[in-house]
Amino acid sequence: MTAQRPPSDAWHLRFEGFDPAEEGVREVLCAIGNGRLVSRAAAPESCADGVHYPGTYLAGVYDRARSVVGGRRVENEDLVNCPNWQSFSFRHPDGEWFTGPPAEQRLDLDLRRGVLTRHGLVVDADGRRTRLVQRRIASQAQPHLVALETELLAENWSGLLEVRSALDGTVENTGVARYLGLTSRHLVPTGQGVDEDGALWLEVATVGTPLHIALAARTRAAPTEVHRASEVRDGWAAELLTLDLTEGRPVTVEKTVAVYTSRDPAIEAPLPAARRLTAQAPDFEHLLREHAMRWAELWRRCRIEADFDSELALHLNLFHLLQTYSEHSVDLDVGIPARGLHGEGYRGHVFWDELFVLRLLNLRFPELARAVLDHRRRRLDAARQAAREAGLCGAMYPWQSASDGREESQQLHLNPLSGRWRPDRSHLQRHVGSAVAYNVWQHFQATGDLDFLATSGAEMLLEIARFWSSLAAYDPERSRYSIRGVLGPDEYHDAYPWAEGPGLDDNAYTNVLASWVLARALDTVDLLPEYRRDELLERLAIDRTELDRWQEVGRHLHVPFHDGVISQFAGYERLAELDWAAYRGRYPDLRRLDRILEAEGDSVNRYKASKQADVLMLCYLFSSRELRGLLRRLGYPAGPELLRRTTDYYLHRTVHGSTLSAVVHAWVLTRTDRRRSWRFFRDALNSDLLDLQHGTTAEGVHLGAMAGAVDLLQRCYTGLEIREDTLWLAPRLPSSLGRLELDLRYRGHWGVRIAVDRHTATVSLRESRQPPIRVAVRGSTTAIGPGEIRTFSL
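Residues numbered from 1 in each chain as written. Predicted model: local features only at pLDDT ≥ 70, side-chain atom pairs only at ≥ 80, totals over all residues. Heavy atoms only, no water.

Asker: Before we move on, can you summarise the overall build of the protein with the specific residues and values?
Answerer: Looking only at helices and strands, the protein features 20 helices and 33 strands. Principal-axis analysis of the C-alpha atoms places the extent of the protein at approximately 90 × 70 × 55 Å. Burial status across the protein gives 62% buried among its 794 residues. Considering only residue pairs separated by 6 or more positions, the protein has 67% of its internal contacts joining residues 24 or more positions apart. Accessible area for the protein stands at about 29,400 Å²; split by element, carbon and sulfur atoms hold 47% of it. Here the protein contributes 98 positive and 109 negative side-chain charges, whose respective centroids are spaced 5 Å apart. (Helix = DSSP H or I, 4+ residues; strand = E, 2+ residues; numbered from the N terminus. Buried < 20%, exposed > 50% of the residue type's maximum accessible area, 1.4 Å probe, protein only. Contact = heavy atoms within 4.5 Å. Areas by Shrake-Rupley, 256 points an atom, 1.4 Å probe, with all protein chains shown as cover. Lys, Arg positive; Asp, Glu negative; His and termini not counted. Charge placed at Lys NZ, Arg CZ, Asp CG, Glu CD.)

Given below as structure tokens:
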């Protein structure tokens, strides 16, 4: 049976048939979740067999384990593949349990309601045909509940059918081939059983951390009499239901499961909580109604209407963002994993991808953005400790983090092309701290929440500024400050080919952003109420001398240039040009050029070649006017031609080995080439839907690219900026996009509607008691109050 893509509308993702090579991608794209957990869409009868991979991941549930790689002992903290609650199969008496695949299969993911429906036909060795329809939800209304409903229909037979509904705690982390040499067992069973009322229960603990996970399940069948038995062994509990089926008459089996962990608030212990909720849970239809109502609320707050042909991808991206981080995540003290809660790629770690996600959330769900920043705030002491251990001041945030805020970047990296483990130096991407500071400032701009800045944001921002001031070293030959031994966003270049040690000097993105952080820290000191400013400066022991140094360093950081463009880092001009024509002729895909060159015995460090946007990230974070102002503040002349030349230069030398690269280049090219911008936008929007990274989607979604692609519609093509207490609009619609309309939340207003087309931009506010907002369009600024509509000519 081969898999096909039947026609999908804007709200339904559909797959027809079964293709083992595509199963992993389908499991991720059709995953269901609610911000507390996400479950991959593996067939309920399947196990981890190299084709299927049942995986359920709970937000913030990590486990630390040690492995031996290449004779070296390494330690990793992994997002744990938690017990499989979906396990469900059936058989005729004395027959074999159905393990798939069905003779026919159709999947339908209803994005509007958050329901995955599977239609299948099972034909056994004796020719008996059984139709099944399965619906799965992870409740947005009761986030500890997940449910699987299975309708069984005997087409050409009558008789007994045995159903097995199980909880499986014997699962391991084996979802990423590159990690198979590492420790994969993270769970140990602590108890399992079946209660007198037929409820299953299972409890496990993580190996390296004192964390318990408990599941309780209730399985019901109707309309038929049921004979029940049980099967229990270490780490496994199953209920066996014998049903009497009549040809042509469907029987429905409902499996409702409660999931708790010892991290969950407001419970005595996870197992009693799971048992109690399972006993109280309503039937599937009631759960579905509540669940669909919550999704309807979410979609109203995420409204974007665009007249183009990729609405399905737009809705799919938003759907997975809202499944990864929702109102149910807020109390869990969790960050946003780069690969969502959909798989084990990057071990479920938190990177800088929130930089792309929060720009979207700030204007949709500011309370969620605040929770992400609070997560970073709680790990400020860990960042301070990391700085102290490096002999520096302030806060040095980690490139990768998991549970407690320490650095989790891997020490070794496996190149699948060569089979060699190589040193991994990605932890030198110190610019992650600037991303945290940027997120703090942008959240303040979008919400006007001075209390957030005073109580939480300012301390992070000031400590990150202090770190940059501490790291910057004065170079008397240039009369400037340098930041040495770091990596930029490019990630390919981690050392000079002529140097023995790792790291690069004066990465332009790092230095310009550090200068911006130092300036915003000084602005923050001025913005705070006097009593709070004095408190904070006293607590952090920041005096006038240190503030003066921030001003000095922030205005005199070195930014390298060559050939009339901004250099990616100092010495970039000394690198060789790659023979692009030769390599493109030999390799159909250069996205992992670093692996290709290493397998050839060469190194990408020798060449002017980038994995993704690096210098051009500056053009993504800042408008042309802002970026030119930053460079001039640093003492460098910066006209429009400099940015155009720089954009063109790096476009020719970038292989887009990261999904984030398409987001950034779509944004940057909006100013100069909207047709090419639209092509990059389409790549970013469809990166997971079409698995453009060739198999990586099976390891988890690329959440930064998903959110960033939606944000291209929200802010880039509308030209939306927030600065100077004003909402600025400068629409730049590509030719393929005739009209764009969206609803936002801004500074307490829950209903700011923006509509732009070729000729006009219209802004309207719903009725409320909030004060008017200032809106500027093409130099025309006006105040708009609740209930008012303003249309601006373009």
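Asker: Now, about helix H2 (residues 270–280): what can you tell me, with residues and values included?
Answerer: For H2, every residue scored as buried is listed here: Pro270, Leu271, Ala273, Ala274, Leu277 and Thr278. Around the axis of H2, the buried residues are gathered within 160° of arc, so they sit on the same side. Turned more than 90 degrees away from the buried face of H2 sit Ala279 and Gln280, all of them exposed. Those residues of H2 that are buried lie in contact with strand E11 (145–154), strand E14 (200–206), strand E15 (212–222) and strand E18 (251–261). (Arc of directions from axis to C-beta.)

Asker: Outline unusual backbone geometry, listing residues and values.
Answerer: A cis amide bond links Gly100 with the next residue in sequence, Pro101, at an omega value of -5°. Residue placement: Pro101 occurs in the loop between strand E7 (88–91) and strand E8 (104–110). Note that the residue after Ala222, namely Pro223, is joined by a cis bond; omega there is -5°. Positive phi, normally seen in glycine, also occurs at Ala266, with a value near 65°. Its identity as a non-glycine residue notwithstanding, Asp725 has a phi of 55°, on the positive side. Among the structural elements, Asp725 can be located in the loop between strand E26 (721–723) and strand E27 (726–729). Residue Asp725 is classed as partly exposed on the basis of its relative accessible area of 47%.

Asker: Account for the sheet that holds strand E9 (residues 115–123), naming residues and giving values.
Answerer: Reading across from one edge, E1-E8-E9-E10-E11-E18-E15-E14-E13 is the order of the nine strands in this open sheet, with antiparallel pairing throughout. A strand with exactly one partner marks an edge of an open sheet, and here the two such strands are strand E1 (12–16) and strand E13 (187–194). Direction aside, the axes of adjacent strands within the sheet are offset by 15° on average. With six bridges connecting them, E14 and E15 associate as antiparallel partners. Its bridge partner lying in E15, Ala205 is registered against His212. Seen against the sheet, helix H3 (residues 284–301) touches E9, strand E10 (129–138), E11 and E18 and runs at an angle of roughly 45° to E10. (Pairing = 2+ DSSP bridges. Axes fitted to C-alpha atoms, helices over the stretch in contact; angles between N-to-C directions.)

Asker: Which residues make up the pattern of salt bridges, and what values go with them?
Answerer: For the coordinates displayed, the defined rule picks out 67 salt bridges. In this structure, Glu459 and Arg539 form a salt bridge, with 3.1 Å as the shortest nitrogen-oxygen distance. Pair noted here: Glu459 is in helix H9 (residues 450–471) and Arg539 is in helix H11 (residues 530–540), with a separation of 80 residues, a long-range link. Assessed through its relative accessible area of 4%, Glu459 is described here as buried. Each of Arg377, Asp381, Arg384, Glu459, Glu463, Arg466, Arg539 and Glu546 takes part in one network of salt bridges that share partners. (Salt bridge = Lys/Arg side-chain N within 4 Å of Asp/Glu carboxyl O.)

Asker: I'd like a description of the environment of Leu720, backed by residues and values.
Answerer: Position of Leu720 relative to the elements: it lies in the loop between helix H20 (703–716) and E26. Between the C-alpha atom of Leu720 and that of Ala541, which follows or precedes it by 179 residues, the distance is 38 Å. Beyond its immediate chain neighbours, meaning those up to four positions away, Leu720 contacts Leu363, Gln714, Arg715, Leu727, Trp728, Leu729, Leu744 and Ile754.

Asker: I'd like to hear about the nonpolar core, residue by residue, with values.
Answerer: Counting 226 residues, the largest nonpolar core has Trp352, Met617, Tyr717, Leu740 and Ile754 as the members making the most contacts within it. With 12 residues, the top contributor of residues to this core is H9. Every residue in contact with Tyr717, bar those within four places of it in the chain, is listed here: Ala666, Thr670, Ser677, Trp678, Phe681, Leu712, Pro731, Arg732, Leu733, Pro734, Leu737 and Leu740. Counting residues in each nonpolar core, the second largest holds 14 residues, with Ala147, Tyr260, Ala273 and Ala281 among its members. (Core = buried A, V, L, I, M, F, W, Y, C linked by side-chain atoms within 4.5 Å.)

Asker: Now, about the sheet that holds strand E17 (residues 236–245): what can you tell me, with residues and values included?
Answerer: Ordered by their spatial adjacency, four strands build an open sheet running E7-E12-E17-E16, and the pairing between neighbours is antiparallel. For this open sheet the edge positions go to E7 and strand E16 (226–233), each flanked by a neighbour on one side alone. Taken pair by pair, the neighbouring strands of this sheet meet at an average axis angle of 20°, ignoring direction. Here E7 pairs with strand E12 (residues 159–168) via four bridges, running antiparallel. Within E12, the position partnered with Phe88 by the bridge is Ser165.

Asker: With reference to specific residues and values, describe the side chain of Ser658.
Answerer: Note that Ser658 resides in the loop between helix H17 (640–651) and helix H18 (659–669). Assessed through its relative accessible area of 12%, Ser658 is described here as buried. Polar side-chain contacts of Ser658 include one of 3.1 Å to the backbone nitrogen of Leu660. If we skip the residues at most four places from it in the chain, Ser658 touches Lys611, Gln612 and Gln693. (Polar contact = N/O pair within 3.5 Å; in protein donor to acceptor, adjacent residues only side chain to side chain.)

Asker: Give me the lowdown on the packing of helix H5 (residues 354–361) against helix H8 (residues 431–447), citing residues and values where you can.
Answerer: Relative to each other, H5 and H8 sit at 5°, their axes nearing to 10 Å. Classified by the angle between their axes, H5 and H8 sit roughly parallel to one another. Here H5 contributes Glu354, Leu355, Leu358 and Arg359 to the contact with H8, which in turn contributes Ala435, Val436, Tyr438 and Asn439. Of the residues that constitute the contact of H5 with H8, the class distribution is five nonpolar, one polar and two charged. (Parallel < 35°, antiparallel > 145°, perpendicular 65-115°, else oblique. Nonpolar A, V, L, I, M, F, W, Y, C, P; charged D, E, K, R; others polar.)

Asker: Could you give an account of the pairing of strand E31 (residues 773–777), with specific residues and numbers?
Answerer: Here is the key point about a regular strand: its side chains alternate between the two faces of the sheet. Burial within E31 is extensive, with four of its five residues counted as buried. In this sheet, strand E32 (residues 780–784) lies alongside E31 in antiparallel orientation, the contact comprising five bridges. Bridge pairing in E32 links Ala776 to Thr781. Where E31 hands over to E32, the hairpin turn is made up of two residues, of which Arg778 adopts a positive phi near 50°.

Asker: So what's going on with helix H12 (residues 544–555)? Which residues, and what values?
Answerer: Taking 1.5 Å per residue as the helical rise, H12 with its 12 residues ought to reach 16 Å, and the 17 Å between its terminal C-alpha atoms agrees with that figure. All of the buried residues along H12 are Glu546, Leu547, Trp550, Val553 and Gly554. Here the buried residues of H12 occupy an arc of 125° about the axis, which is enough to place them on one side. Residues Arg544 and Thr545 are exposed on H12 and point more than 90 degrees away from its buried face. Those residues of H12 that are buried lie in contact with H9, strand E23 (480–482), helix H10 (508–527) and helix H16 (624–633). (Expected span 1.5 Å × (residues − 1).)

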